Amino acid sequence: MPGGRTALMDEGETETEHSAEEDMVQDVSPMLPSPPVGHTLSMVPMDSLVSMDEETTLSSPLVPTDSTDSTDSTDSMDEESTPSAPSTDSTDVQRTARGKKARKRTRDEDTDEEDRPAKKKPEPPSPEEIRTWAQGELQVSWDWPHQQVHLINRPQKQFSGSRGEGAHTVAWTVVDRAVQSNLSGSANPAEAVGRLKLMVTHLKNGPLPTIAPPGDRTLRTKQYTDVTVESVALSNLESSLRAAEDNPDEHLDDAVKDFLVWRNTLPFAAIQRDATGAGEGTYAPRLAHREALRRAAGEDQELPESSREDIRFATWKLVDTVALLDELSDRVGKYHFGVDPKKKYDDGPAEATFAAVVATLLDEVSRWAPLSLRAVGLREQGADGAKAITDALAEYLATELTTAEETDDLHREQHKRQGGVLRNPLAPKWLARVNWFDSHRDKVREQLETRMGWIGHYGFDPTHVTRTQKPLLVKPTFVKGKLNLTISGRPKSPISGSQGSHITAWALEKRATIARLAGKDEAGVKKEIEIMQAECSRTPAVALLKYLPKEERNLTKDRMDAAKEELDAAVAQLKEKGSDLPTTIAEAVSAYQNYRNALPFATTYDGSRDGHGEGAALQNVDRNNPRALKALKATLYDKASLEREIEFLKVQEHAAAIRAARLKEHNTQFDRAFPKPKRSTATKAEKDTA
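Residues numbered from 1 in each chain as written. Predicted model: local features only at pLDDT ≥ 70, side-chain atom pairs only at ≥ 80, totals over all residues. Heavy atoms only, no water.

S.K.: Before we move on, could you go through the overall build of the protein chain and cite the residues and values that matter?
M.R.: Along its length, the protein chain carries 23 helices and eight strands. In the protein chain, which comprises 690 residues, the share counted as buried stands at 48%. Partitioning the intrachain contacts of the protein chain with sequence separation of at least 6 by distance along the chain shows that 78% fall at a separation of at least 24. (Helix = DSSP H or I, 4+ residues; strand = E, 2+ residues; numbered from the N terminus. Buried < 20%, exposed > 50% of the residue type's maximum accessible area, 1.4 Å probe, protein only. Contact = heavy atoms within 4.5 Å.)

S.K.: Residues and numbers for the packing of aromatic side chains, please.
M.R.: With the rule as written, the count across this model stands at eight aromatic pairs. Their ring planes at 50° and their centres at 5.6 Å tell us that Phe 354 and Phe 437 sit as a pair that is tilted. Of this pair, Phe 354 sits in helix α11 (residues 347-365) while Phe 437 sits in helix α14 (residues 427-449), and the two are 83 residues apart along the sequence. For Phe 354, a relative accessible area of 1% puts it in the buried group. For Phe 437, a relative accessible area of 0% gives the class buried. Every member of this aromatic cluster is reached through a ring pair, and the members are Tyr 283, Phe 313 and Tyr 396. Positioned over the ring face of Trp 368 is Arg 177, at 5.3 Å from the centre of the ring. It is Lys 546 that lies over the ring of Tyr 547; its NZ or CZ is 4.8 Å from the centre. (Phe/Tyr/Trp six-rings, centres within 6.5 Å; stacked < 30°, edge-to-face > 60°. Lys NZ or Arg CZ within 6 Å of the ring centre and 35° of its normal.)

S.K.: Kindly report on the pairing of strand β1 (residues 139-143), identifying the contributing residues and their values.
M.R.: Residues of β1 alternate between two faces, with Val 140 and Trp 142 buried on one and Gln 139, Ser 141 and Asp 143 left unburied on the opposite face. Looking at chain direction, β1 and strand β2 (residues 148-152) are connected through five bridges and run antiparallel. Directly across from Val 140, in β2, lies its bridge partner Leu 151. Where β1 hands over to β2, the hairpin turn is made up of four residues, of which Gln 147 adopts a positive phi near 55°. (Pairing = 2+ DSSP bridges.)

S.K.: Any chance you could break down the pattern of salt bridges for me, citing the residues and the numbers?
M.R.: If you walk through the whole model with that rule in mind, you get 26 salt bridges. Between Arg 286 and Asp 310 there is a salt bridge, with the nearest N and O atoms lying 2.8 Å from each other. Linking Arg 286 in helix α8 (residues 280-297) with Asp 310 in helix α9 (residues 305-316), this pair joins segments that are 24 residues apart in sequence. Side by side, Arg 286 and Asp 310 carry an identical accessibility label, which is buried. In this structure, the salt-bridge partner of Asp 442 is Arg 445, at a minimum N-O distance of 3.0 Å. (Salt bridge = Lys/Arg side-chain N within 4 Å of Asp/Glu carboxyl O.)

S.K.: Hey, could you go over helix α10 (residues 321-328) for me, with residue numbers and the actual values?
M.R.: Burial analysis of α10 places seven of its eight residues in the buried class, the great majority of the element. Every buried residue belonging to α10 is among Thr 321, Ala 323, Leu 324, Leu 325, Asp 326, Glu 327 and Leu 328, and all of these are buried.

S.K.: Can you break down a negative patch on the surface residue by residue, with the values?
M.R.: The grouping of Glu 380, Asp 384, Glu 446 and Glu 449 at the surface amounts to a negative patch. If you trace the backbone, Asp 384 turns up in helix α13 (residues 382-417). Residue class for Asp 384 comes out exposed when judged on its relative accessible area of 56%. (Patch = residues over 30% accessible without salt bridge, like charges linked within 9 Å, V, L, I, M, F, W, Y side chains within 5 Å. Areas by Shrake-Rupley, 256 points an atom, 1.4 Å probe, with all protein chains shown as cover. Lys, Arg positive; Asp, Glu negative; His and termini not counted. Charge placed at Lys NZ, Arg CZ, Asp CG, Glu CD.)

Worth remembering: the numbers are spatial, not functional.
Okay, structure coming up:
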């Protein structure tokens, strides 16, 4: 999770790399001095910051210092070092001559120094210069007709050295999605400015700005950060907000960027350590899909426990518990995990900080996945809500510990077979994290209880925004009379408007369609499309319509009928002379893909939305290896998601029929994508002759 805040150091101070273990946790016990009195600069360019990998003196053109010009050192000898009487010894003569020469050089330099004008201290950069640097490559794009905003990139990373990106405690995608949901729905720039002001007020009243107030530098100095970083960012934000109120069209984008910069500079928004990634790229979209499906089905739809577990796990994956617990626990140095008497933080600040980060996570997730949080009890109020959060966290940490133990056992066996031993096991680290949370759980719950009324209360409702996958795109071309067909993207999910969870991997569906049409001439393509049209009404999954709940059955049939009408129209156009053949083929193939996607149980509501390695498996398969093809067929079929969908829709009495139909659909598409070589009918004599 890249991001963080800038470390301030006086000129001449050095910083060295500390002992680190596999996950590069830094010993932050050295304390940085306060910035010089009267200096307000807090952010410096990354190329001028001290590297964590080597001892380097910081000398930044943008950092004001109190250093003064100093005279050059000399080689002169003092009076006591000069011989008291002349000597004829040649060595003494040479030594005396060197001394006189050195003393004369020093006097000349002193004279030059007096005449030399004093160097001026560098002027601090202006707020505008700081703003330009801090915003980095952030971009804000507005789609006013659809009342949506899109954020591109993120603020400038502010930690230095090998840990330059830092680890966001709350995944930046959570912040990005929250801001998008808060500002989307604005009818015009003026309304967006009004919403942004409420967002600033809300965040000011939140826990992150208060865990390290200006009078208490303990947390910030241990994190190699400075209190003025946040104050400069906030000052810039307030300035751009005033400008945006006067001229929303001109200054709204800058105000949004400054808000993101300020959010990025808050205490413990990021931790100075390597950003290894915690899977937020997988779990944020998964939670967003859950939210979209929840909205489509309604809050009254009861979720099975497996779905609740999926939502809770995805939510906690969006906070970097590894970085946070390692930072706040008593862990110091390479081999002292939870046992070293030297503490990084006192219990009070550590518990308040942990609770603040968790509350901020839930606050921002509540803006784009509120129904999902409510479904698993993470939006309750008061003491009950705080207890539900800490109980869910304890369950999640225990799950991670179990996973670490299983991973260690697997790796230990692998090392044993190779004659080695497992180094740096994961389980002891997770055990220490679990132990820290268990021992501080009650205090964390008390801290959370004071924040339950703040989480999610902005003074206005967010707008649900669906981040769609790449749309379906079909491109047919004829090369030397033969069709070359490419299909990219995929149809929209029938339920959520995005990818959804396919029982048969969609990559296989595309490959099956391409295999049927590619390489044929115009007549062959037209004939095959007509066959595909006829198959639509008798494909096995059509019979599953009657097993769906009434409302779901009607919606599914409407989607199938709409796609079939488009396919019928395209086939009719193919039969007309003078039609634009490539365009009509593209329309027919798109309609056919949409129909396949709309079939019952093709896309599931409650299935797993994480990848299963289908792309890599398809790319690397050995088509001439029957065992490899058999394994690939199993990989491309999501049996577990189908079972969860059967349970979710409560159609267990028809489970056998549903399984049989979907498996037949899958096998048929696989055989089309990977047709078996045709057996030769030639006689043995003909083969020998050939």
